[in-house]
Amino acid sequence: MDTYRIAVIAGDGIGPEVTAESIKVLEAISEKDGRFCFEFTYYPWGCEYYLKTGQTMPKDGLEILKDYDAILLGAVGYPGVPDHISLRELLLEIRHGFDQYINLRPIKLLKGAPTPLKDVNVGDIDMTFIRENSEGEYAGSGAWLYKDQPNEVVIQDSVFSRKGCERVFRYAYELARKEGKSLTSISKGNALNYSMVYWDQIFKEVGADYPDVETHSYLVDAAAMLMVKDPKRFQIVVASNLFGDILTDLGAAISGGMGLAAGANINPERTFPSMFEPIHGSAPDIAGKGIANPIASIWTAGQMLTFLGYGEWEERIVKAVEE
Ligand code: IPM
Ligand code: MN
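A quick note: this is a predicted structure, and the numbers were derived from the prediction, not measured.

Student: Go over the overall build of the chain with me, naming the residues and quoting the values.
Tutor: Secondary structure summary: the chain contains ten helices and twelve strands in total. Structurally, the chain occupies a C-alpha span of about 55 × 50 × 40 Å along its principal axes. Put simply, the chain has 323 residues, and 49% of those count as buried. Taking the contacts inside the chain whose residues are at least 6 apart along the sequence as the reference set, 75% of them involve residues at least 24 apart. Carbon and sulfur atoms form 53% of the exposed surface of the chain, whose accessible area is close to 14,900 Å². In the chain, 31 side chains carry a positive charge and 46 a negative one; their mean positions are 3 Å apart.

The following block contains the structure:
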């Protein structure tokens, strides 16, 4: 029997509540399946930890995590600790440090889930977002000059490397080919004359190897509108870090809400562990009340099972949720 070692960072707010539920599901599945089991190790990192130690995760956090088979994360962030500190030092540190350059987010209207859209049925919203997760607008490069002086200047650079673009597009094209679906790239090449013109160029270049894949390219503003007006036209979608971030919240909103929104941060080469986390935040307003929807976390655990080679269990989880 295979034993998978999972590092659990339940984190803040509703993180621990929803993660506890997905762990119950994982335990039940491993018992039923019989081919594998889990060994969970809990790390109490996050904002409470920060208030005690001055760090959201220890300095050697990546070193501690690097030999696990996967990381299960609840949510990070809590009032009292600035978000840009807690998230840069923990969530983004892990995504970047472990080169989890694919952020895989299913946007699918499940049977029985509410959608605010009119005349939309199950099947009409069935997208897979591939968000670039290692660079772009989140590269963390910039400067804060002449702080608090009249000539104060801040610069936040977007970084789009050839390697970074090629690999995310290749992943997207491969998935589109495998699933026989169309691939839509999200751009803003009409205004962002370096980053997004380059993005479009590399999308085309990589596409030369995939003449069988139907492609579309939409500007991000138009894509936001079309996701509401005509979501059917999106199947596999590839977007930069920030555009993917924004559009997947919109995607969650039209397909049942944040409580159903799953996500996986994947290092496809498996050089480092991948991290599975619901899209939603720590929701401090409802934390501790036992009312947070754990389904996003449970589906995320299903994505982890797929990554570990047991994709049939993710399908069964989604079906069970629908039922
Ligand atoms: C997400 C979140 C994070 C992001 C925040 C919390 C830094 O919104 O996973 O979508 O922007 O990536
Ligand atoms: Mn987000």
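Student: Go over empty space enclosed by the protein, please, and point to the residues and values.
Tutor: In this approach a probe as big as a water molecule rolls over the atoms, and the regions it shows empty are the leftover space. Tallied over the full model, the rule gives one cavity of 30 Å³ or more. In this structure, the largest cavity is lined by Pro106, Ile107, Lys108, Leu110, Gly251, Ala252, Ser255, Gly257, Leu260, Ala261 and Trp299. Put simply, the parts of the chain that give the lining of the largest cavity at least two residues each are β4 (102-108) and α8 (241-254). Looking at which element gives the most residues to the lining of the largest cavity, the answer is β4, with three residues.

Student: I'd like a description of the packing of aromatic side chains, backed by residues and values.
Tutor: One pass over the structure, following the stated rule, counts 16 aromatic pairs. On the basis of an interplanar angle of 70° and a centroid distance of 5.6 Å, the ring pair of Phe36 and Phe38 is categorised as edge-to-face. Note on accessibility: Phe36 and Phe38 belong to one class, buried. Three or more aromatic residues joined by ring pairs make a cluster, and in this case those are Phe160, Phe169, Tyr173, Trp199, Phe203 and Tyr210. The ring of Tyr138 is capped by Arg131, whose NZ or CZ atom sits 5.0 Å from the centre of that ring. A cation over an aromatic ring shows up here: Arg270 above the ring of Phe307, its NZ or CZ 3.8 Å from the ring centre.

Student: How would you sum up the layout of surface pockets? Please name residues and give values.
Tutor: The computed volume of the largest pocket comes to approximately 860 Å³. Going through the elements one at a time, β4, β5 (126-132), α5 (162-179), β11 (264-266), α9 (295-307) and α10 (311-322) are the ones with two or more residues in the lining of the largest pocket. The residue makeup of the lining of the largest pocket, split by class, is twelve nonpolar, four polar and nine charged. If you add up the space inside the second largest pocket, you get close to 490 Å³. Residue lining of the second largest pocket: 26 residues in total, with Leu87, Leu91, Ile279, His280 and Gly281 positioned closest to the centre.

Student: Outline the environment of Asp83, supporting the account with residue identities and numerical values.
Tutor: Mapping Asp83 onto the fold places it in helix α4 (residues 83-97). Judged by relative accessible area, which is 48%, Asp83 ranks as partly exposed. Expressed as a C-alpha distance, the spacing of Asp83 and Arg5, which sit 78 residues apart in the sequence, is 29 Å. Setting aside its immediate chain neighbours within four residues, Asp83 contacts Gly77 and Arg88.

Student: Go over the pattern of salt bridges with me, naming the residues and quoting the values.
Tutor: In total, this model carries 17 salt bridges according to the counting rule given. Two residues, Lys108 and Asp126, come together in a salt bridge whose shortest N-O distance is 3.8 Å. Of the two residues, Lys108 is situated in strand β4 and Asp126 in strand β5; the sequence distance between them amounts to 18 residues. Residue classification places Asp126 among the partly exposed residues on the basis of a relative accessible area of 30%. Between Lys181 and Glu179 there is a salt bridge, and its shortest N-O distance comes to 3.3 Å. With relative accessibility at 36%, the residue Glu179 sits in the partly exposed group. Three or more residues are tied together by salt bridges with common partners; here these are Asp33, Arg35 and Glu312.

Student: Explain the site of ligand 1 residue by residue, including any values.
Tutor: Around ligand 1, the neighbouring residues are Leu87, Arg95, Arg105, Arg131, Tyr138 and Asp245. Between ligand 1 and the protein, one listed contact pairs an oxygen atom with a side-chain N or O atom of Arg95 at 2.7 Å. Between ligand 1 and Arg131 there is a distance of 2.8 Å, counted from an oxygen atom to a side-chain nitrogen or oxygen. Protein chains shield 77% of the accessible area of ligand 1, which is 310 Å² for the free molecule. With respect to the pocket detection grid, ligand 1 is positioned in the second largest pocket.

Student: Before we move on, could you go through the packing of α9 against α10 and cite the residues and values that matter?
Tutor: At their nearest, the axes of α9 and α10 sit 6 Å apart, and the two run at 160° to each other. The angle between α9 and α10 places the two elements in the roughly antiparallel class. Every pair of crossing elements has a handedness; the one defined by α9 and α10 is left-handed. Two secondary-structure elements touch here, α9 through Ile295, Ile298, Trp299, Gly302, Gln303, Leu305 and Thr306 and α10 through Gly311, Trp313, Glu314, Ile317, Val318 and Val321.

What counts, and where the lines are drawn
Residues numbered from 1 in each chain as written. Chains lettered and ligands numbered in written order. Predicted model: local features only at pLDDT ≥ 70, side-chain atom pairs only at ≥ 80, totals over all residues. Heavy atoms only, no water. Helix = DSSP H or I, 4+ residues; strand = E, 2+ residues; numbered from the N terminus. Buried < 20%, exposed > 50% of the residue type's maximum accessible area, 1.4 Å probe, protein only. Contact = heavy atoms within 4.5 Å. Areas by Shrake-Rupley, 256 points an atom, 1.4 Å probe, with all protein chains shown as cover. Lys, Arg positive; Asp, Glu negative; His and termini not counted. Charge placed at Lys NZ, Arg CZ, Asp CG, Glu CD. 1 Å grid on protein atoms, 1.4 Å probe; cavity = no way out; pocket = protein on both sides within 12 Å on 5 of 7 lines; lining within 4 Å. Points joined across faces, edges and corners; volume = space filled by probe spheres on them. Phe/Tyr/Trp six-rings, centres within 6.5 Å; stacked < 30°, edge-to-face > 60°. Lys NZ or Arg CZ within 6 Å of the ring centre and 35° of its normal. Nonpolar A, V, L, I, M, F, W, Y, C, P; charged D, E, K, R; others polar. Salt bridge = Lys/Arg side-chain N within 4 Å of Asp/Glu carboxyl O. Near = heavy atom within 4 Å. Polar contact = N/O pair within 3.5 Å; in protein donor to acceptor, adjacent residues only side chain to side chain. Sits in = over half its atoms within 2 Å of the grid points. Axes fitted to C-alpha atoms, helices over the stretch in contact; angles between N-to-C directions. Parallel < 35°, antiparallel > 145°, perpendicular 65-115°, else oblique. Left-handed = near helix turned anticlockwise from the far one by under 90°.

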